[in-house]
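Residues per chain, in single letters:
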Amino acid sequence: MTEAILLVGGKGTRLRPLTVHTPKPMVPAAGVPFLTHQLARARAAGVEHIVLATSYLAEVFEPHFGDGSALGLHLEYVTEEEPLGTGGAIRNVAARLHSGPDDPVLIFNGDILTGLDIRALVDTHESTGADVSLHLTQVTDPRAYGLVPTDPTGRVLAFLEKPQTPEEIVTDQINAGAYVFRRSVIDTIPAGRPVSVERETFPGLLAAGAHLQGMVDSTYWLDLGTPAAFVRGSADLVLGRAPSPAVPGRCGDRLVLPTARVAPDAKLTGGTVVGEGAFVAEGARVFGSTILPGAVIEPGAVITDSLIGSRARVGERSVLTGAVVGDGAVVGADNELREGVRVWCDARIPAGAVRFSSDQ
């Protein structure tokens, strides 16, 4: 197997305001665009040619990655004029593939952080003679996901919508967002219109008698679709819990990029990342958070499980927990921002304006 398709066209609406100016796969995780980790892991598994299916802010990808040679890859870019969904995006880039009709083509979703054994998925695909093979993962609470039951040999039996009752939870296996397609199967996806592989392509293939194979791999897996998940994924990369050959430094409690400045008595723990040109001032404490390039954390600020956007500023003694601060925003001194708050790009919160406790 030498080629893959990477689906990176989504708008990342659940991640806003992080994705107002940046497509989701290009938001930095552990110091580099998240997409870099996926490309590096694919290359390590033997993939050489990758076609990126782009749509939202498509113009951002190629200037950063170019032809892929710096990563040992050959990259191509195909932009959708109108969003085509997962299946439509796969079909839309098919003309750029070099594979023969029976060759395997690896397909990744651009927002999944995983320790999947890519070679094992391809080997499973080839040894079982499947038309499509799916990476499945097991989750403790599958109610938020579509279920994928399999027989004892791993052959997929059905694709079930999100269960509404306990009786509908017939398995803990879910679609983990990585596939191997027989090249000829890609050509059967309708062209020129939106298609969902999850709701249309896979159930249609199953109904037509195709062989869909599931491979359960319950190593690290995380959907980075929400700000909280994205922050956790970045921290897990730094801590070494999630594997990636692209982390720009040694795994540990913190990752400080070369041009960042951190005061000697500032405390960084829990997989915190401080991006290029950012500054963390004296007495600040940052746990499990991502500080993007050019951001400033002022003296005495306490930041936990949060993401601070590029060129944003967090004022003295402000306390942020589970917060997202957009690019260029300013949080004044002595504010308290708690779980789920999103400060939009370039917004300004005056000193002491938002609190959950007394100001005494």
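What comes next is a walk through the structure.

Definitions and cut-offs
Per-chain numbering applies: the sequence of each chain, read as written, is numbered from 1 onward. Given that this is a predicted model, residues contribute local features only at a pLDDT of at least 70 and side-chain atom pairs are listed and counted only at 80 or more, while totals for whole chains, interfaces and linings are drawn from all residues. No hydrogens and no water enter the side-chain calculation; it runs on all heavy atoms of the structure. A helix here means a DSSP run of H or I that spans at least four residues, while a strand means a run of E at least two residues long, and both kinds are numbered starting from the N terminus. For this measure, only C-alpha atoms enter the radius of gyration; the expected value for a globule follows 2.2 Å times N^0.38, where N is the number of residues. Remark: exposure states derive from per-residue accessible area (1.4 Å probe, protein chains only) relative to the maximum for the residue type, with buried under 20%, exposed over 50%, and partly exposed in between. By the convention used here, residues are in contact when the closest approach between their heavy atoms is within 4.5 Å. The rule for a salt bridge is simple: a side-chain nitrogen of Lys or Arg has to be within 4 Å of a carboxyl oxygen of Asp or Glu. Pairing of aromatic side chains requires ring centres within 6.5 Å, counting the rings of Phe and Tyr and the six-membered ring of Trp. Pairs whose planes differ by under 30 degrees are stacked, by over 60 edge-to-face, and all others tilted. Each ring is checked for a lysine NZ or an arginine CZ that lies within 6 Å of its centre and within 35 degrees of its normal; such an atom marks a charge sitting over the ring.

## What to know about the overall build of the chain
Then comes step 1: A tally of helices and strands in the chain yields 7 helices and 28 strands.
Then comes step 2: Computed over C-alpha atoms, the radius of gyration of the chain comes to 22 Å, within 12% of the 21 Å expected from 2.2 N^0.38 for 360 residues, which places it in the range of a compact globule.
Then comes step 3: Within the chain, buried positions represent 55% of all 360 residues.
Then comes step 4: Within the chain, residue pairs in contact and separated by at least 24 positions form 51% of the contacts whose partners lie at least 6 positions apart.

## Concerning the pattern of salt bridges
Then comes step 1: In the structure shown here, the tally under the stated rule is 14 salt bridges.
Then comes step 2: Linking Glu76 and Arg96 is a salt bridge whose minimum nitrogen-to-oxygen distance equals 2.9 Å. Taken together, the positions of Glu76 in strand β5 (residues 74–79) and Arg96 in the loop between α3 (85–92) and β6 (104–109) put the pair 20 residues apart, joining distant regions of the chain.
Then comes step 3: Judged by its relative accessible area of 34%, Arg96 falls in the partly exposed class.
Then comes step 4: In this structure, the salt-bridge partner of Asp102 is Arg182, at a minimum N-O distance of 3.4 Å. Taken together, the residues span a long stretch of sequence, with Asp102 in the loop between α3 and β6 and Arg182 in strand β9 (residues 173–182) at a distance of 80 residues.
Then comes step 5: Residue class for Arg182 comes out buried when judged on its relative accessible area of 17%.
Then comes step 6: Shared partners join several salt bridges into a network, and the residues in it are Asp102, Asp131 and Arg182.

## Considerations on the packing of aromatic side chains
Geometry of an aromatic ring pair is reported as the spacing of the ring centres plus the angle between the planes.
Then comes step 1: The tally for this structure, following the rule as stated, stands at 5 aromatic pairs.
Then comes step 2: For the pair Tyr145 and Trp221, a centre-to-centre distance of 6.1 Å together with 65° between the ring planes defines the contact as edge-to-face. Of this pair, Tyr145 sits in the loop between β8 (132–138) and β9 while Trp221 sits in strand β11 (residues 221–223), and the two are 76 residues apart along the sequence.
Then comes step 3: Taking 6.0 Å as the distance between ring centres and 35° as the angle between the ring planes, the aromatic pair formed by Phe181 and Phe202 counts as tilted. Here Phe202 lies in helix α6 (residues 197–207) and Phe181 lies in strand β9, a separation of 21 residues in the sequence. The pair Phe181 / Phe202 is uniform in exposure class, with both members buried.
Then comes step 4: Members of the aromatic cluster, connected to one another through ring pairs, are Phe159, Tyr179, Phe181 and Phe202.
Then comes step 5: Taking the ring centre of Phe279 as reference, the NZ or CZ of Arg261 above it sits at 4.4 Å.

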